[in-house]
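# A look at the structure
Here is what each chain is made of, one letter per residue.
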Amino acid sequence: MELGLKMEEISCCATVGNVVVSHEESLETSIPEYCPDIARIVDTAGQLRIREKVLSEGRLSISGDVHVTVLYTSEESPGLRSLVLTVPFACRTEEPRLQGCRSVCVCGRLPLLEAKSLTSRKLYIRVMPEFIVEGIANTRQKLCSGVEEEDPTLQLRRETVETSILTAVLEREFNFSQECVPEGDVPEDLLLDRCCLQVTDCQRIGRKLIVKGEAALSLLYRTEEQTLCTYDAVLPFSQILDSVELPEDAVYQAEAWTSDSHIRLARMEGAMGFGISLRIGVMVKVYELRKVSYLCDLYSTRYEADVHYQTLTLTAVYPAENTTQEAVEQLEFGRETPFVCLTGAECGAVTAEPEGDHTALRSNLRLKILYLDETGAPISAERMAEVTAQVPDVPQSVRAICGSGMVQMSGNSCQVRLPVSFAATRETPRELQSIDGVELTEPEENQRPSLVLRRVGEDETLWDVAKAYRTDPALILQANDLKEGEPLPEGMVLIPKTR
């Protein structure tokens with residue numbers, strides 16, 4: 001007869017990563033009539049904005065645009081000028097590894113961005129966004145947790161494992177707006193804007209999830225006197241996520257990005273300032289620490305048991321561990337320079353190499369710095385710096401994320417400091433052997449002795465001996481004057497028969 005088993009289903013999210021997708025777009029365009037002619041391109045900065053991602057049967061489509069700002073000089077107008085262009089993109093790829101995934105986490109960077117002046121009124125723009133894609137798939141695995149009917153002749157062996165699993169991935173977008181007024185110099189034209197988002201807190205309060213963060217804003221503007229100035233501000237934001245199932249004992253980890261931004265000059269209360277409008281996307285990953293108890297073996301003291309086993313892999317997925325290192329770049333000038341501005345910062349791919357008892361993480365950081373030379377002309381310089389960090393284990397995947405930079409002037413030198421965070425994720429697969437089915441049959445008639453004396457094998461356990469003779473482990477302990485949990489003695493042991 002078939003023994004009825006209780007099966008417990010474990011539902012969680014499995015990650016598939018990391019898939020790297022590159023795409024190139026180019027644009028040839030005329031500058032607007034209200035802009036003066038281009039004499040020299042000084043710098044080009046860009047912000048990658050992902051607006052939509054669609055996954056269907058392993059085919060992934062990513063669309064959005066690159067917000068390109070071209071800084072240039074003109075013979076028609078004094079001072080530095082700015083031209084803002086939008087380069088749309090639509091990237092499609094077919095990746096077998098994403099087959100079966102229900103959603104994706106996509107983050108991007110701009111390893112290539114260039115602008116060339118074809119004429120004084122025409123520009124050629126080339127961008128190459130790169131996307132790191134992590135697939136999210138729902139998995140369901142069944143483990144035998146018990147038997148349907150209690151039977152005193154059944155001996156059950158259970159195991160319990162503790163594991164961290166990814167149970168849910170939540171994604172939301174919301175609008176954020178604020179007005180800022182710089183002190184001192186009155187802005188005449190906004191030339192360049194940069195925004196770095198950072199989540200500072202993510203916690204469950206009641207049935208709601210509160211996500212808090214900061215938007216580090218860096219603006220470059222020109223005054224009425226044609227001088228260059230910068231404005232830096234840290235703007236706090238928060239968002240409430242509700243209408244979702246939120247487990248109590250869980251770790252919530254959030255990441256934020258800008259899917260759209262609009263920063264403009266605005267007059268407010270008699271002063272000229274900046275109006276900031278952001279479209280912020282937030283992704284929250286929910287990790288739970290669970291104890292999984294299952295039947296790994298059984299036998300009957302009355303029946304012959306034909307036990308079928310299944311081997312499945314339960315992967316422990318842990319929250320990303322962030323290690324922050326500060327990149328420092330020193331610039332020397334021939335004279336005291338009154339103005340330096342960080343116009344761009346981009347982290348490259350991360351390499352992970354074992355070194356002794358730890359793993360070394362490395363990423364190349366590209367910085368773009370705008371400054372004024374001895375004649376007051378704007379110059380752009382590019383610097384590369386290697387950023388390293390150490391983690392104890394080999395991660396499954398790592399990303400390097402740039403924070404908000406700081407420029408410190410000292411005499412005729414300048415120091416640029418930029419925090420770089422390495423987000424390392426770790427997964428540990430574990431194979432479990434569980435019962436999948438049991439057939440019980442009447443044993444053949446045989447005269448089993450009421451007591452057996454035998455020598456225990458080197459690797460045999462109490463369970464192995466009791467199962468081999470279809471007897472109760474408690475009887476073996478009692479017959480040999482042993483306590484529960486105490487190992488079997490070396491040599492001969494008494495094995496009584498179950499009545």
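Residues numbered from 1 in each chain as written. Predicted model: local features only at pLDDT ≥ 70, side-chain atom pairs only at ≥ 80, totals over all residues. Heavy atoms only, no water.

### Focus on the nonpolar core
By size, the foremost hydrophobic cluster in this structure holds 33 residues, and its most contacted members are I280 and V284. Secondary-structure elements contributing two or more residues to this core are β8 (154–180), β9 (187–205), β10 (208–223), β11 (228–241), β12 (250–268) and β13 (271–300). The greatest single-element share of this core, amounting to 7 residues, is contributed by β13. Contacts of I280, omitting those with residues within four sequence positions, involve R172, E173, F174, F176, L197, F237, A256 and W257. Residues V21, C91, L98 and L113 belong to the second largest nonpolar core, which totals 32 residues. (Core = buried A, V, L, I, M, F, W, Y, C linked by side-chain atoms within 4.5 Å. Buried < 20%, exposed > 50% of the residue type's maximum accessible area, 1.4 Å probe, protein only. Helix = DSSP H or I, 4+ residues; strand = E, 2+ residues; numbered from the N terminus. Contact = heavy atoms within 4.5 Å.)

### What to know about the sheet that holds β9
The pairing of strands in a sheet comes from backbone hydrogen bonds and takes either a parallel or an antiparallel form. Taken in spatial order, the 3 strands of this open sheet run β9-β10-β11, and their pairing is antiparallel. Where the open sheet ends on each side, the last strands, each with one partner, are β9 and β11. If you compare each strand with its neighbour and ignore which way they point, the axes differ by 15° on average. Note that β10 and β11 share 14 bridges and pair antiparallel. Bridging from a neighbouring strand, K212 pairs with S238 of β11. (Pairing = 2+ DSSP bridges. Axes fitted to C-alpha atoms, helices over the stretch in contact; angles between N-to-C directions.)

### Considerations on the pattern of salt bridges
Two side chains that carry opposite charge are able to pair once their charged atoms sit near each other. Within the structure shown, the criterion is met by 27 salt bridges. E304 is paired through a salt bridge with R470; the nearest N and O atoms lie 3.1 Å apart. Here R470 lies in the loop between α1 (462–468) and α2 (473–479) and E304 lies in strand β14 (residues 304–317), a separation of 166 residues in the sequence. By relative accessible area, E304 is classed as partly exposed at 37%. (Salt bridge = Lys/Arg side-chain N within 4 Å of Asp/Glu carboxyl O.)

### Quick look at the sheet that holds strand β18 (residues 378–391)
An order of β16-β17-β18 is seen for the 3 strands of this open sheet, with the pairing classed as antiparallel. A strand with exactly one partner marks an edge of an open sheet, and here the two such strands are β16 (340–355) and β18. The average angle at which neighbouring strand axes cross in this sheet is 15°, direction not considered. Relative to β18, strand β17 (residues 358–372) is paired through 14 bridges, and the arrangement is antiparallel. The partner of R362 across the bridge, within β18, is T388.

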